[in-house]
Amino acid sequence: MKKITIISFIIFHLTAHSSNKIFERADSLFQKNEYELAINDYNKILENNLESPEIYYNLGVCFYKIKEYKNSK
């Protein structure tokens, strides 16, 4: 049981660290008005089952900026 807990913790930590790097890159793309690339990165984070209000907000703004209004909701 202890090994499973340790392995789970390591996997979660690596996933979270990787997602944090992707989030930083997505935010950089967002600030450079490269919205479609930022959308791809934000979606990668969501695919790893990590969520935050900032991701959804920025994703909505990206879709709005590229005039995909339905997705921006």
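See the structure printed just above.
The sections below set out a description of the structure shown in this document. It should be emphasised that the depicted structure is a prediction, and the values quoted were computed from it without experimental measurement.

1. A few points about the side chain of Asp 41
- Tracing the chain through its elements places Asp 41 in helix 2 (residues 35-47).
- Leave out the neighbours within four places in its chain, and Asp 41 touches Ile 22, Arg 25, Ala 26 and Leu 29.

2. A word on the packing of aromatic side chains
- Tallied over the full model, the rule gives three aromatic pairs.
- Consider the rings of Tyr 64 and Tyr 69, whose centres lie 5.3 Å apart with planes at 65°: the pair is edge-to-face.
- Note on Tyr 69: relative accessible area 43%, which makes it partly exposed.

3. Re the side chain of Asp 27
- Along the chain, Asp 27 falls in helix 1 (residues 2-31).
- Despite being buried, Asp 27 has no salt bridge partner; Arg 25 is the closest side chain of opposite charge, sitting 11 Å away.
- Excluding residues within four positions of it along the chain, Asp 27 makes contact with Tyr 42 and Asn 58.

4. Details of the environment of Gly 60
- Mapped onto the fold, Gly 60 is located in helix 3 (residues 53-65).
- On the basis of relative accessibility, which here comes to 12%, the residue Gly 60 falls in the buried class.
- Sequence-wise, Gly 60 and Ile 39 are 21 residues apart; in three dimensions their C-alpha atoms are separated by 9.0 Å.

5. What about the pattern of salt bridges?
- Going through the model one piece at a time under the given rule, you end up with two salt bridges.
- Here Asp 41 and Arg 25 are joined by a salt bridge, their closest N and O atoms 2.7 Å apart. Separated by 16 residues along the polypeptide, Asp 41 in helix 2 and Arg 25 in helix 1 bring together distant segments of the chain.
- With relative accessibility at 4%, the residue Asp 41 sits in the buried group.
- A salt bridge links Asp 41 to Lys 44, with the nearest nitrogen and oxygen atoms 3.7 Å apart. With a gap of three residues between them, Asp 41 and Lys 44 both fall in helix 2, about one helical turn apart.
- By relative accessible area, which is 38% here, Lys 44 ends up partly exposed.
- Through salt bridges with shared partners, one network takes in Arg 25, Asp 41 and Lys 44.

Rules and cut-offs
Residues numbered from 1 in each chain as written. Predicted model: local features only at pLDDT ≥ 70, side-chain atom pairs only at ≥ 80, totals over all residues. Heavy atoms only, no water. Helix = DSSP H or I, 4+ residues; strand = E, 2+ residues; numbered from the N terminus. Contact = heavy atoms within 4.5 Å. Phe/Tyr/Trp six-rings, centres within 6.5 Å; stacked < 30°, edge-to-face > 60°. Buried < 20%, exposed > 50% of the residue type's maximum accessible area, 1.4 Å probe, protein only. Lys, Arg positive; Asp, Glu negative; His and termini not counted. Salt bridge = Lys/Arg side-chain N within 4 Å of Asp/Glu carboxyl O.

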